[in-house]
Amino acid sequence: MVIQRQISVAILGVGMMGQEHISYMQEYSQISIKFLCDTETSMMQKALSMISSEDKPECFSEEKNLLDRVGEIDLLVIATPNFMHTPHLLRWAKHPICILVEKPVAISEKQVLALQVASPSFQANIWVAMEYRFMPAVQKLYQLLPMIGQIKNVTIRENRFPFLTKVGDWNKDVDKSGDTLVEKCCHFFDLFRLLSGQEMRSCTSKIQRGLLDHEYGYDRREDNPFPIIDSAYVLLDFLPGNDSEINLVNDDYHQQRKYKGATPLQQSTLGCLELCMFADGSRHQEEIIVTGMKGRLEAYLPENKVFHYTRPSKSEWVDRSQPPPSNSIKEEIIDCSILSNVYSFADEIPQHAGHHYCSTAVEWKYLIDEVHNWQNGGKFVPQVSLEDGIAAVEMGMKAQANISNTVEEEGMAATPLVAYSTKSSEHLLNLAIEVANISITTPKKQSQHNLQECEDDYNNANCFEEEKGW
């Protein structure tokens, strides 16, 4: 029998999401919260008040002091504002630890590039926090996908209240949040990939912004900020001929017949995202609907139920001159608020709902298993990898770059987002990219000295003098 040792955890950023993670970690005996780090005293005090153990964690207000203790950390939780996620990863992923990083992993093309070129040298095991995957109704829908045949349509709708207040209102600044289709909707783009089993080919968007200027305080700011997106419709199509095996039921799969004038793209999977950030009080905050050639699945939150419909067979719907008889449509309703209807280990995990319907508790159950496996010499296999996190961000960036109700003459043409950055963060990004460029473009003999020199700079680039005030 393998004895599981406790997992020593450090939390970098203890705002709303950091506190949600703490609320669940407290319920797992395998977890020992050793360190907290945040620049905001009020957040630190609230986080400390949530921790019930007699051995209170050691607290830091500066990241560099926490990094000095990396040898005592098994798992780092990164829950700081969005624009800091990439710089944090570039600093910490050099070390052989496990990292849970909140979404989005990046908010600009330069940050994405820095992660892509630096990740081959990362020693850390990285898991991207995508809690929506583990929401009971979403997970049950995912489990039932094989029942509906080839997936052809995926619709995700969120009608909700405006963004909540954060420290410094960073989530209302485009260059700190990544804008709404990256900040909020990377969850949904991740679900499009998960549920379809395919990669997006293209997308087009129509958006509204500046409608919540009074609620967000833009009208009181002297810097005349560029407002974030308040609502959007995004149409997506996916690469044809790439149906996931999860969508195939036994021998029910048949090759799609080709018709003159109907291109493969017109038979491929389509997606639609609808977002409205001023729809407080909607009956359903989230709706996820997946339609296949054999049936349809609908998940609703906060109702937390999944509806499974099966299309009638020819014998059940004989008279095709009339709509199908009501008794020919098979309906199954699964109540996912009863967690055991979704997860076999429901009785083993904390079940307070938090902000994400217990999904964070499920995420931690899986994560703890993987950290223990790594501690015992096995392989760490994240359910959401760094590559998954980057792919979701890239889809959001493409959606924001392909806004069709924009008039170039108005000076509103889409431009690549430049993330808010301090000198030390920008230095890290530039070094990571420079290391890769030297490796690729310079002849081996000539590059050895320059590459080693640049790698040394990158590995020692722990300058935090301007990182205060996340």
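Check the entry above for the structure.
Here the structure is a predicted model, which means the values were calculated and not measured.

### A closer look at the pairing of strand E6 (residues 125–129)
Each regular strand displays side chains that alternate between the two surfaces of the sheet. Where burial is concerned, most of E6 is hidden: five out of the five residues are buried. Of the two faces of E6, the one carrying Asn125, Trp127 and Ala129 and the one carrying Ile126 and Val128 are both buried. For strand E5 (residues 98–102) and E6, the ladder comprises five bridges, and the chain directions are parallel. What sits directly across from Cys98, in E6, is Asn125. The parallel pair E5 and E6, bridged by helix H5 (residues 109–118), forms a crossover whose chirality is right-handed.

### A closer look at the pattern of salt bridges
On inspection of all chains with the given rule, the structure shows 22 salt bridges. Here Lys172 ties to Asp169 by a salt bridge, and the two come within 3.2 Å at their closest N and O atoms. The partner of Asp369 in a salt bridge is Lys365, with the nearest N and O atoms 2.9 Å apart. With Asp369 and Lys365 both in helix H11 (residues 359–375) and four residues apart, the pair spans about one turn of that helix. The exposure class of Asp369 is partly exposed, given its relative accessible area of 35%. Its relative accessible area of 18% is what places Lys365 among the buried residues.

### A short note on the packing of helix H1 (residues 16–25) against helix H2 (residues 41–50)
Relative orientation of the contacting elements H1 and H2 amounts to 10°, with a least axis distance of 10 Å. One way to sum up the angle between H1 and H2 is to call them roughly parallel. The handedness of the crossing between H1 and H2 is right-handed. Side by side, H1 and H2 meet where Gln19, Ile22 and Ser23 of the first sit next to Met43, Lys46, Ala47 and Met50 of the second. Of the residues in the contact of H1 with H2, the class split is four nonpolar, two polar and one charged.

### A short note on the packing of helix H4 (residues 85–92) against H5
Taken N-terminus to C-terminus, the directions of H4 and H5 make an angle of 20°; their axes are 10 Å apart at the nearest point. Put simply, H4 runs roughly parallel to H5. Considering the relative orientation of H4 and H5, their crossing is left-handed. From H4, Thr86, Pro87, Leu89 and Leu90 reach across to H5, where they touch Gln111, Ala114, Leu115 and Ala118. Here the residues of the contact of H4 with H5 are counted per class, giving six nonpolar, two polar and no charged.

### Some thoughts on the environment of Met293
By secondary structure assignment, the location of Met293 is in the loop between strand E11 (286–292) and strand E12 (295–301). Considering only alpha carbons, one finds Met293 and Asn153, 140 residues apart in sequence, at a separation of 9.6 Å.

### Some points on the sheet that holds strand E7 (residues 151–159)
The eight strands are arranged E8-E9-E10-E7-E11-E12-E13-E14 in an open sheet whose pairing can be described as mixed. In this open sheet, the two edge strands, each paired with only one partner strand, are strand E8 (200–209) and strand E14 (330–335). Ignoring which end each strand starts from, the neighbouring axes of this sheet average 10° apart. Direction of pairing for E12 relative to strand E13 (residues 305–310): antiparallel, over a ladder of six bridges. Looking at the pairing, Tyr300 lines up with Lys305 of E13. Its contacts with the sheet put helix H6 (residues 136–144) on E11, E12, E13 and E14, and the angle it makes with E12 is roughly 170°. In this fold helix H9 (residues 186–196) packs onto E7, strand E9 (229–238), strand E10 (270–276) and E11, with an angle of close to 155° to the strand it touches most, E7.

What counts, and at which threshold
- Residues numbered from 1 in each chain as written.
- Predicted model: local features only at pLDDT ≥ 70, side-chain atom pairs only at ≥ 80, totals over all residues.
- Heavy atoms only, no water.
- Buried < 20%, exposed > 50% of the residue type's maximum accessible area, 1.4 Å probe, protein only.
- Helix = DSSP H or I, 4+ residues; strand = E, 2+ residues; numbered from the N terminus.
- Pairing = 2+ DSSP bridges.
- Right-handed = clockwise from strand over helix to strand, strands pointing away.
- Salt bridge = Lys/Arg side-chain N within 4 Å of Asp/Glu carboxyl O.
- Axes fitted to C-alpha atoms, helices over the stretch in contact; angles between N-to-C directions.
- Parallel < 35°, antiparallel > 145°, perpendicular 65-115°, else oblique.
- Left-handed = near helix turned anticlockwise from the far one by under 90°.
- Contact = heavy atoms within 4.5 Å.
- Nonpolar A, V, L, I, M, F, W, Y, C, P; charged D, E, K, R; others polar.

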